[in-house]
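As a plain string of letters, each chain reads:
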Amino acid sequence: MGLGKFLIKRTIQGVIVIWGVVTITFFLRFLTPGDPVSALTPPDAGPEVRERMAENLGLNDPIHIQYADYITDLLMLDLGTSMRTGRSASIMILARLPATLELALAATIISMIIAIPLGVISARRRHQKSDYAATMFSLLGISTPNFWLGIMLIILVAVVVGPIPTGGRDVSFWEATVMLFLEANPRGFGNWAIHIFLPAITLGTYFTALLTRLTRSGMLEELGKTYVEATRAKGLPETLVLYKHVLRNTLIPIITVLGLQLGTLIGGAVITEEVFSWPGIGSFLIQQIAYRDWVLIQGILIVIGVGFVVINIIVDAMYAKLNPKVVTE
Amino acid sequence: MVREAGTDETRRSFLKFAGAATATAVVAGCLGEDDDEDDTPATDDDEDGTPAADEDVDIDEVTVTQGSVTDTLDPIDHNDTPTWNILDQAYEPLVYRDRDGELISLVATEFERTDDLVVELELRDDVVFHNGEDMTAEDAAFSINRTNDPDQSQQAGVIGAIDEAEAVDDTTVEITLESAEPAIFRNLSAFGRIQQESWVEERDDDELATEINGTGPYELVDFEEGSHVDYERFDDYWGDEPAVVEARFDGTGDDGARVASLQGGDSDIITDVAVEQISEIQGDDDVRIEGEPSIRCLFLVMPNNDGPFDSHEFRQAMNYAVDVDSIIESLLNGFGEPTSQPTLEGMFGYNPDVDPYPHDPEEAESLVAESGYEDEEITIVTPTGRYLADTDIAAQCASDIDSLDNVSASHDEWETQELFDVTDTGTMEDSPDIFLIGWGNPTFDGAYAMNPWFMEGPFWHFESEEMEDLLTQAADEPDEDAREDLLMQANELAHDEAAWVFLNQQYSIYGASEDIAWEARNDEDILLKEIFAAE
């Protein structure tokens, strides 16, 4: 099987997963407490107003009709209309998506910058002080809850040390980039960076710890193989041996976890976004659950699901490139 | 965060150019009276620690951090306090309330009832929208009708029994009512923000939710959904020029993050300070606590459709059993007032002759025995995190009742919406036997406190012919004095019948920077025009 066929197969599997997500989120609405009509009508609205509201929202139709209508709209990339505001759900969700993507990518990049060198050093100096320190750091990172870390960073870094803001997002990455390149004004970028710094650290800490452990164990496994001795025997510098040969072979599991984790970060940034007032889809989801705006809730879950599937397909493609055996298996 | 205008570059000034406002305008008065004394903080440090105001100094920038940031700027798409606080800087109602809850003029200079079912409002002739066009009576009538349309407004119904509003001439609006609706002007002080008819009709829902064109003292500069709403002073505002030049409303749902943003200097005012964080703010010299009795009271609802709460004696026993003073001292850090009736002190229809039930466990045990419902087991259901210390208060109530020899009690925490869903069906059988809830009264009228709970409707939980008769009479009584007397009688009856277990009046607890002179209002509104630089 060639790479093309492999990717087509993965894409079909992805579509099935997305259909599953759509179906589950659609029917979840009927299993959870909370009537959207109550949330949308005034407190003393009479039965006729409630009935009219339900009719307008299509809630009086049989479930299979509602489901068929929803799938048809989705096929036309229409996520529906917010029950509360009457606005396009697609527009509202897309307005929040860049903030979450920025945060997830920033967290991933910070994690990689810290974790991979740390994992390499830890493996290289096994059972030395630096190895113990890195292992301790990993343990702490994995066991520290996000909400606590976020608040601690706000208090220790933003309040006590300053001048990093305690939360919010003044400009998007896109706006900052435009200012940088078109207006030669780096201040927008600086503003973006100081706002995303603490949320990215908070969101990325668990991932950093995980990646450090993964890199360390992968490196240790590779370091025990004979080709490492051979490269050393050839007289290659140790840095080259570690980073060009050993680390490269360790990358396959790292990239797999990286992809999975990026998907998790997109969907799992809820707490971090809430603590740092970061206007992404995580905090938006919480808000819409409170309003019981099911059109938006479904839309957000579908966007998260699609993001997860797309990232996994990309990871599969990278995996196949790094390890062609998976294509032929 | 507070700087004199023009002395320094603000955090956002490199991103957005702000125009300094130089508007001069007429004082907003109460039917011609200057009400500045009501809305301006004291000129010397007052008793509760609010710094004295220096009204001659502009404040470059103020940030208000609430629990959330709205995702819609359309004034009829919501009915929640954080969103009102954001929109009220730009959209104005026809009339308003001073800090004592008394009606004052705003966009309308005069308002009167011209017939049993007709009220008339005379509007200012110098009001302009942020797009520079004049406001007309047609715009005001359109806005009232839009707010009253149940198909598009979440405030329809609560604005009152309005049939239709129409413009009589350029500055006069006539509102025809479906019933006497004695509280119509109070309702109009809480609902019905003025929008420009042509501007609204030219826009789709998406544009209405992301743009603002009001008549208020601040115009929109930037709105990033879920992140912030930025304002700057509106040069052509009809009223006094406010001291704050630029303002930002942002939000975080995390209590600790809000406190940190205040202490870190990112916010000047934060809302909803948790009780356990009060001491942290009080221990910081740069910030202070602003606490004010709010328009919300907490109570335990006891649907009287079934035993044991169909017994008058048993309901009274619950009131005697709960130690409200102790709850206020130990759980609320003193930030609360005991209540004796549905209507809060200072509101229309409050009965000053009715005192709170004292804590008297022996009397409670005796009444339980008298009721014939001894050895009952009751479970108090409470929402979680909806009101200040709600679960702790419910637990303490259960503990107080459980300490009686002849009743057992416990509490159960429900997800807030789950509780709301079974308590607004209009059928008492759907509700838990006893549950905690809070009720805000933005109209300052006793009818709003009692009608929903004591008359047939979604929140009906207490059946009493005498009560229904009093409230029906009040609803049809156009004479203010006679109506007030009827509401006072209804409040006394609610107390004597022990319709609820009367708990505490909730406080609104804010954190504020010592750089600003601002006093919290009891209606929970935050108005930028009431913020001044501290001396």
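Residues numbered from 1 in each chain as written. Chains lettered and ligands numbered in written order. Predicted model: local features only at pLDDT ≥ 70, side-chain atom pairs only at ≥ 80, totals over all residues. Heavy atoms only, no water.

S.K.: Teacher, can you tell me more about the overall build of chain B here?
M.R.: Helix and strand counts for chain B stand at 16 helices and 22 strands. Rg of the C-alpha trace for chain B: 24 Å, near the compact-globule value of 24 Å for 535 residues, within the 12% margin. Expressed along its principal axes, the backbone C-alpha trace of chain B runs to roughly 70 × 55 × 40 Å. Every one of the 535 residues in chain B was classed for burial, and the buried ones make up 61%. Long-range contacts, defined as pairs at least 24 residues apart, comprise 71% of the intrachain contacts of chain B with a sequence gap of at least 6. When the accessible area of chain B is evaluated, it comes to approximately 19200 Å², of which 38% is carbon and sulfur surface. Distance between charge centroids for chain B: 8 Å, based on 22 positive and 142 negative side chains. (Helix = DSSP H or I, 4+ residues; strand = E, 2+ residues; numbered from the N terminus. Rg over C-alpha atoms; globule rule 2.2 N^0.38 Å. Buried < 20%, exposed > 50% of the residue type's maximum accessible area, 1.4 Å probe, protein only. Contact = heavy atoms within 4.5 Å. Areas by Shrake-Rupley, 256 points an atom, 1.4 Å probe, with all protein chains shown as cover. Lys, Arg positive; Asp, Glu negative; His and termini not counted. Charge placed at Lys NZ, Arg CZ, Asp CG, Glu CD.)

S.K.: When you look at unusual backbone geometry in this model, what are you seeing that I'm missing?
M.R.: Glycine aside, residues mostly have negative phi angles, and peptide bonds mostly take the trans form. Put simply, B:Gly307 and B:Pro308 share a cis peptide bond, and its omega is 0 degrees. Structurally, B:Pro308 can be placed in the loop between β15 (287-301) and α9 (312-321). For A:His127, which is not glycine, the phi torsion reads 65 degrees and is therefore positive. Checked against the element boundaries, A:His127 lands in the loop between α5 (89-124) and α6 (129-143). Residue A:His127 is classed as exposed on the basis of its relative accessible area, which comes to 52%. Positive phi outside glycine occurs at B:Glu524, with the angle close to 70 degrees. Among the secondary structure elements, B:Glu524 is positioned in the loop between β21 (516-517) and β22 (532-534).

S.K.: Would you explain the domain arrangement of chain B in this entry?
M.R.: In many reports, interface size means the accessible area that the parts give up when they come together. All names here are of chain B. Splitting chain B by domain gives domain 1 (91-245) and domain 2 (295-507). The interface of domain 1 with domain 2 comprises 13 residues on the first partner and 14 residues on the second. For the pair domain 1 and domain 2, the summed buried area comes to about 980 Å², and 62% of that belongs to carbon and sulfur atoms. Ranking the residues of domain 1 by area buried against domain 2 places Arg97, Pro182 and Arg186 at the top, with a combined share of 46%. The tally of links between domain 1 and domain 2 comes to zero residue pairs in polar contact (both at pLDDT 80 or more). The biggest single contributor to the side of domain 1 that touches domain 2 is helix α4 (residues 184-190), with three residues. Grouping the constituent residues of the side of domain 1 that touches domain 2 by class yields six nonpolar, two polar and five charged. (Domains from an automatic or database assignment. Buried area = accessible area lost by both parts, 1.4 Å probe. Polar contact = N/O pair within 3.5 Å; in protein donor to acceptor, adjacent residues only side chain to side chain. Nonpolar A, V, L, I, M, F, W, Y, C, P; charged D, E, K, R; others polar.)

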